[in-house]
Amino acid sequence: MLVERGVRGLDRRLGLARFARTALNKVFPDHWSFMIGEIAMYCLVILILTGVYLTFFFVPDSRHVIYHGSYGPLRGVRMSAAYESTLHVTFDVRAGLLMRQIHHWAALLFVGSILVHLLRIFFTGAFRKPRELNWMVGLTLFLLALGNGFTGYSLPDDLLSGTGLRIAYSVLLSIPLAGPWLAFLVFGGEFPSDDIIPRLFVIHILIVPALIVGLLTVHLVMLVRQKHTQFAGRGRREDNVVGSKLWPTFTAKTLGLFFFVFAVCAALGGLAQINPVWLYGPFDPSAVSAGSQPDWYIGWLEGALRLMPPWELRIGGFEIPNPFFPGVLLPGITFTVLYLWPWIEERLTKDHAHHHILDRPRDRPRRTALGVAVLAFYVVLFLAGGNDVIAARFDLSVNAVTYVFRALVFVLPVVAAVVAYRLCNELAARDHDDEEKLALLERTPEGGYVDADRDPGSDPGNDTKVVT
Amino acid sequence: MNGNVERRATRLIAISLGITTVAALLLALVYLLGGQTQLEGVLIALALGGLGYAFVITARRLLPQGPFVEDRKRLESSPDDIKAFASDFEAVYDVDAEGDDATREGIARRKLLGRMLGAAIGALGLASLFPLASLGPRPGNSLFVTKWRRGSRVVNEQGEPVNVEDLEVGGVITVFPHGNVGAADSQTLLIRLADTAVTTRPGRETWAPEGYVAYSKVCTHAGCPVGLYQQSIERLLCPCHQSTFEVANGATPVFGPATRSLPQLPLMVDTEGFLRSQSDYNQPIGPGFWNRDR
């Protein structure tokens with residue numbers, strides 16, 4: 001056979017056949033929620049492909065030029081070379097706008113799928129022993145994705161992203177003792193400095209992507225080493241994995257998923273306008289427009305900045321400025337708690353065992369309620385990031401909208417937690433009722449039936465039947 | 001029955017691969033003819049979607065469905081393995097000239113060497129941090145001063161000096177000190193509140209001649225330009241986080257996260273009727289930092 005001959009040739013030189021065979025037979029559980037992480041990985045592939053293309057045209061330079069390109073409304077306007085090159089790739093490079101928009105949509109989807117993946121891991125308890133380290137690697141990937149989203153969004157040097165950078169500078173500046181020094185090191189001087197665009201470029205296309213690819217490799221190696229978790233079900237136990245083999249079924253499925261993800265990004269990139277920087281105009285430190293919203297994944301921070309009451313701390317003539325609390329302390333606490341969560345939960349539940357069978361959210365009502373509450377908190381912050389848009393759309397006073405959000409950010413999590421907790425118990429009770437009506441019977445060689453469920457060691461084979 | 005399913009699946013796969021081929025060729029054609037963003041997006045989506053559909057149908061209809069079971073072996077090593085690893089790592093054992101096992105004091109046991117190595121690597125690490133300091137200048141007093149000086153002429157965004165006749169009551173423009181148009185830290189809002197001198201706060205009686213008040217345009221919250229002037233209620237609104245300042249009352253914050261008033265620039269009118277600043281701002285402009293009041 002052709003395959004055998006090819007393998008023999010390679011194996012003689014590398015001796016890989018035995019290992020490769022194990023790899024082909026690796027089993028992947030079939031559950032839709034396991035594909036969310038894959039979506040993130042495929043977004044990364046799309047980001048790298050389209051991103052490399054964009055680097056051929058982008059000029060990371062703050063020096064000022066006068067625009068002479070084909071976009072009429074901005075002709076003759078003074079702008080940075082970075083912004084000019086963004087206009088160039090948008091209007092004067094064939095398929096350039098498409099590449100830019102696919103890149104931007106894929107970035108939004110990338111961060112989104114990482115977040116949903118994280119939620120899946122949290123609510124099903126997949127972070128428990130022995131997977132705590134991989135949870136931390138995943139969180140770091142999430143942080144890196146957020147960072148690379150923000151740096152990429154800032155590169156075109158348009159008015160909207162420049163405003164975002166301005167706020168980021170002010171947040172850095174607010175850090176006690178180190179703030180001014182840190183802000184000057186990162187930005188290369190007082191805002192706005194000419195150094196920041198080239199620096200963001202190197203961070204965005206080299207440093208962070210290299211870290212992401214490296215850590216993603218670690219993430220996957222750990223996954224293969226520890227094998228997948230799985231939901232409980234027939235024949236699924238703590239000491240096995242049930243599902244499709246890597247080759248050929250899983251490979252075909254996941255390739256199909258990759259092409260679908262790419263197709264969706266391409267359709268969005270072609271049909272749905274995103275970040276039309278030509279409408280915002282070049283960055284000008286003394287101009288700003290109302291309705292300035294960042295990309296969605298920064299929305300929670302923007303909302304926190306907006307909802308924060310006018311408080312600051314003064315100690316002996318020194319101050320801790322207002323943006324420090326929503327801009328540094330909030331994300332700091334958020335990620336510290338997330339990083340430590342597997343150990344916090346282990347201490348709370350006193351459960352030190354290894355877990356390979358996943359929880360259903362309803363089976364852990366306390367964890368689920370807590371997760372839902374925290375999620376509600378950040379969703380309110382996210383919505384508050386658009387308080388001016390909401391006020392304008394519904395013809396309300398922006399002050400009133402802000403006051404309502406300030407209350408909601410504390411009330412809604414409590415309500416959500418109570419609802420989630422009761423829902424979990426309700427669902428679990430219903431499952432329990434159903435279980436009582438069901439019995440798994442096993443036929444004995446003598447022709448009688450025994451209740452297979454009563455003996456946890458027995459493996460329900462082919463001749464078991466579910467009887468109502 | 002089974003044959004039917006396979007025949008149908010094969011037909012579906014063939015059709016979707018056909019769609020991919022046609023869409024890809026059309027894509028090349030569109031590109032050659034000058035390109036069209038929407039059409040290109042749709043064609044790429046069709047081409048990739050066809051491919052994706054083909055793979056998924058193949059996986060679900062034509063390939064082994066299982067479920068396959070793989071054993072999960074114990075992850076942990078035995079205590080003996082761990083002990084053996086530790087001793088190998090510490091390199092306690094050696095072989096002598098005859099190839100027999102021999103014990104030698106592992107390198108890890110030489111405490112002095114360990115400490116010296118730690119010190120050497122620590123020092124090198126510390127030294128390698130210093131180039132980071134070159135990334136930016138020291139802040140020095142740059143956060144405490146702007147380009148406004150005693151007697152700086154007030155100019156508009158085109159660099160033209162501003163005369164007391166230029167603004168109607170209720171008018172507002174962005175101004176800079178002469179020679180520094182566009183300087184981010186010196187951007188200032190010039191508002192005419194009245195046609196006679198106004199006092200926004202006790203001690204500022206001479207700061208607003210002919211009704212002209214000037215405030216730093218950099219928000220004291222997060223540094224956005226405070227760009228919106230609501231003339232009817234004489235309030236300035238920062239569009240970023242909705243901090244709101246009362247213009248006639250020393251730009252005191254009345255809503256939003258800002259904790260400090262916008263610094264006011266003391267103005268004067270020169271003999272030719274042009275506006276000038278009496279001095280720089282009397283406090284640092286813009287967002288807060290830990291030692292702003294020092």
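Residues numbered from 1 in each chain as written. Chains lettered and ligands numbered in written order. Predicted model: local features only at pLDDT ≥ 70, side-chain atom pairs only at ≥ 80, totals over all residues. Heavy atoms only, no water.

Draft legend 1. Broad picture of the overall build of chain A. Each helix and strand counted, chain A has 16 helices and nine strands in total. Across its three principal axes, chain A shows a C-alpha extent of roughly 95 × 65 × 45 Å. Evaluated residue by residue, chain A yields a buried proportion of 48% over its 468 residues. Across chain A, contacts joining residues at least 24 apart in sequence account for 73% of those joining residues at least 6 apart. Working note: accessible area of chain A is about 23,300 Å², and carbon and sulfur atoms make up 67% of it. Each charge class in chain A was averaged separately, 42 positive and 40 negative side chains, and the resulting centres sit 6 Å apart. (Helix = DSSP H or I, 4+ residues; strand = E, 2+ residues; numbered from the N terminus. Buried < 20%, exposed > 50% of the residue type's maximum accessible area, 1.4 Å probe, protein only. Contact = heavy atoms within 4.5 Å. Areas by Shrake-Rupley, 256 points an atom, 1.4 Å probe, with all protein chains shown as cover. Lys, Arg positive; Asp, Glu negative; His and termini not counted. Charge placed at Lys NZ, Arg CZ, Asp CG, Glu CD.)

Draft legend 2. Representation of the nonpolar core. All names here are of chain A. One finds Ile-46, Phe-110, Trp-135 and Leu-381 to be the most contacted residues of the largest nonpolar core, which totals 64 residues. With twelve residues, the top contributor of residues to this core is helix α5 (residues 96-123). Leaving out residues up to four positions away in the same chain, Ile-46 has contacts with Gly-51, Ile-102, Ala-106, Phe-258, Val-261, Phe-262 and Cys-265. (Core = buried A, V, L, I, M, F, W, Y, C linked by side-chain atoms within 4.5 Å.)

Draft legend 3. Spotlight on the sheet that holds strand β8 (residues 228-230) of chain B. Residues and elements named next belong to chain B. If you trace the four strands from one edge of the open sheet to the other, you get β8-β9-β10-β11, paired in antiparallel fashion. The sheet terminates laterally at β8 and β11 (252-255), the two strands that pair on one side only. Strand-to-strand twist across the sheet, computed as the mean angle between neighbouring axes with direction ignored, equals 35°. (Pairing = 2+ DSSP bridges. Axes fitted to C-alpha atoms, helices over the stretch in contact; angles between N-to-C directions.)

Draft legend 4. The packing of aromatic side chains, seen in detail. Residue and element names in this part refer to chain A. Summed over the entire model, instances satisfying the criterion amount to 28 aromatic pairs over all chains. Ring centres 5.4 Å apart and planes at 40° place the aromatic pair Phe-58 and Phe-201 in the tilted group. Of this pair, Phe-58 sits in the loop between α3 (36-55) and β2 (64-66) while Phe-201 is found in helix α9 (residues 196-226), placing the two residues 143 residues apart along the sequence. Judged by relative accessible area, which is 16%, Phe-58 ranks as buried. Relative to Trp-278, the ring of Phe-91 lies with its centre 5.3 Å away and its plane at 75°, an arrangement referred to as edge-to-face. Linking Phe-91 in helix α4 (residues 81-91) with Trp-278 in helix α11 (residues 277-280), this pair joins segments that are 187 residues apart in sequence. (Phe/Tyr/Trp six-rings, centres within 6.5 Å; stacked < 30°, edge-to-face > 60°.)

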